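# Structural description and commentary
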Amino acid sequence: MSHQQSAIIRPTQLPAILGISNATIHRLRVAGDFVKPVLLGKQAIGFLRSDIDAWLASRPVAHHFVEFLVL
């Protein structure tokens, strides 16, 4: 799926998708260890679902969790 066709995930949706708190997401972003946001407007951001999925797959814990779900 290309970036242009990827769904946009809003910041309020991230905790439910990722299973981590807003504070943890904020810490990851400040440290530069999270997906770069897409500017949607002057004060609105979102994240490409494809980028979120790739970030999750790159995380060791997420990788093991995905393997568990597949088994």
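Just above, that's the structure.
Residues numbered from 1 in each chain as written. Predicted model: local features only at pLDDT ≥ 70, side-chain atom pairs only at ≥ 80, totals over all residues. Heavy atoms only, no water.

## Considerations on the overall build of the protein
- Check the secondary structure of the protein and you find four helices and three strands.
- Reading the helices (α) and strands (β) of the protein from amino to carboxyl end gives β-α-α-β-β-α-α.
- Counting the 71 residues in the protein, one finds 20% classified as buried.
- Within the protein, residue pairs in contact and separated by at least 24 positions form 48% of the contacts whose partners lie at least 6 positions apart.
- Total accessible area on the protein stands at roughly 5300 Å², and carbon and sulfur atoms take up 61% of it. (Helix = DSSP H or I, 4+ residues; strand = E, 2+ residues; numbered from the N terminus. Buried < 20%, exposed > 50% of the residue type's maximum accessible area, 1.4 Å probe, protein only. Contact = heavy atoms within 4.5 Å. Areas by Shrake-Rupley, 256 points an atom, 1.4 Å probe, with all protein chains shown as cover.)

## Examining the environment of Leu28
- Turning to its location among the elements, Leu28 is positioned in helix 2 (residues 22-31).
- Judged by its relative accessible area of 14%, Leu28 falls in the buried class.
- Not counting residues within four places of it along the chain, the set of residues in contact with Leu28 comprises Ile20, Asp33, Phe34, Trp55 and Arg59.

## A look at the packing of aromatic side chains
- Across all of its chains, the model carries two aromatic pairs by this definition.
- Note on Phe34 and Trp55: the rings are 4.9 Å apart at their centroids and 70° apart in plane angle, and the pair reads as edge-to-face. Taken together, the residues Phe34 in the loop between helix 2 and strand 2 (38-39) and Trp55 in helix 3 (residues 49-58) connect sequence positions 21 residues apart. For the pair shown, Phe34 and Trp55 are each scored as buried. (Phe/Tyr/Trp six-rings, centres within 6.5 Å; stacked < 30°, edge-to-face > 60°.)

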